[in-house]
Amino acid sequence: MPRRFEEDKLVVASHNPGKIREIAELLSRFPVDLVSAAELNLPEPEETGTTFEDNALIKAHAAAKASGLPALSDDSGFCVEALNGEPGVHSARWAGPDKDFARAMRNVEERLQMAGALEEDRRRAGFVAALALAWPDGHAETFDGRVDGIAVWPPRGDQGFGYDPIFKPDDHERTFGEMSADEKHGLDEYGDGLSHRARAFKKLVDACFDG
Ligand code: IMP
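First things first, this report covers the structure right here in the doc. Because the structure is a prediction, the values reported are computed rather than measured.

Each value, and the rule that gives it
- Residues numbered from 1 in each chain as written.
- Predicted model: local features only at pLDDT ≥ 70, side-chain atom pairs only at ≥ 80, totals over all residues.
- Heavy atoms only, no water.
- Helix = DSSP H or I, 4+ residues; strand = E, 2+ residues; numbered from the N terminus.
- Buried < 20%, exposed > 50% of the residue type's maximum accessible area, 1.4 Å probe, protein only.
- Contact = heavy atoms within 4.5 Å.
- Pairing = 2+ DSSP bridges.
- Expected span 1.5 Å × (residues − 1).
- Arc of directions from axis to C-beta.
- Salt bridge = Lys/Arg side-chain N within 4 Å of Asp/Glu carboxyl O.

Looking now at the overall build of the protein chain. Looking only at helices and strands, one finds 5 helices and 6 strands in the protein chain. The order of α-helices and β-strands along the protein chain, N terminus first, is β-α-β-α-β-α-β-β-β-α-α. Its C-alpha atoms give the protein chain principal-axis dimensions of roughly 50 × 40 × 30 Å. The 211 residues of the protein chain split such that 46% are buried. Taking as baseline every contact in the protein chain between residues at least 6 positions apart, the subset at least 24 positions apart corresponds to 59%.

Given below as structure tokens:
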């Protein structure tokens, strides 16, 4: 049985404003006080894992230990098939120290061009997320989510963050960059979630928050 979240305060183990905003939106229906690792000035641990789940656990355990509060982390990335899954766990790194995602998206496109990946079926891509909820006593629960689609060029839309403007999910005409936050989450009354993060969140909420 997964451990239930019974506390009233939760650290969002992230320094990424786009992610912190989405996590706050996804948890908005629960009466829990959120504080981010950035606000608490917690150090950012080195993400030495080779999988999204490993890195999510590193971040959640570090924040729970440093704050003495339960902590929720998200490790996620953009995975392009023709690039052997890259940038993947290196998605943030591709933007460099200035967090320049225009450059990171250009880099994806240049590599796709070099690979001769011009047709849609050669441009399969997806976002992957792993969430980890860790408690100060060392217990943790993890959940994953994925959304598949294609990498488009040029970038479209200025909503969301990161690689959103070059990702068009299957069965949709617009990129994540052209969608409102609610549309990207896809969690209206009957929705199972559209984004990788919302899909992982649905599992987390079912296991640890609802019921
Ligand atoms: P992390 O903080 O190491 O997990 O870095 C994840 C990186 O993946 C982010 O900085 C973004 O570049 C990218 N990423 C993850 N989720 C999303 C998303 O929902 N939209 C766009 N980019 C994302």
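There's plenty left to go through after this.
With 11 bridges connecting them, strand E4 (residues 124-134) and strand E5 (residues 140-151) associate as antiparallel partners. Residue pairing for E5: Ala132 is matched across the bridge by Thr142. Counted between consecutive antiparallel strands, the loop separating E4 from E5 contains 5 residues, among which Gly138 sits at a positive phi close to 100°.

This paragraph deals with helix H2 (residues 52-67). Relative to the 22 Å expected for 16 residues at 1.5 Å per residue, H2 spans 23 Å between its end C-alpha atoms, a close match to the ideal helical length. The complete set of buried residues in H2 reads Phe52, Asn55, Ala56, Lys59, Ala60, Ala63 and Ala64. In an axial view of H2, the angular spread of the buried residues amounts to 155°, which keeps them on one side of the axis. Opposite its buried face, H2 presents the exposed residues Lys65 and Ala66, each directed more than 90 degrees away. Buried residues along H2 sit against strand E1 (9-12), helix H1 (17-26), strand E3 (71-80) and E4. Residue Gly68 follows H2 closely and has a positive phi angle near 75°.

Summed over all chains, the structure comprises 17 salt bridges. Notably, a salt bridge pairs Lys184 with Glu22, separated by 2.9 Å at the nearest N-O pair. In this pair, Lys184 is assigned in helix H4 (residues 181-185) and Glu22 in helix H1, connecting sequence segments 162 residues apart. Of the two residues, Lys184 and Glu22, neither departs from the other in class, the shared state being buried. The residue Lys202 makes a salt bridge to Asp206 at a minimum N-O spacing of 3.9 Å. With Lys202 and Asp206 both in helix H5 (residues 196-209) and 4 residues apart, this pair spans about one turn of that helix. For Lys202, a relative accessible area of 29% translates into the label partly exposed. Take Asp206: its relative accessible area is 47%, and that puts it in the partly exposed class.

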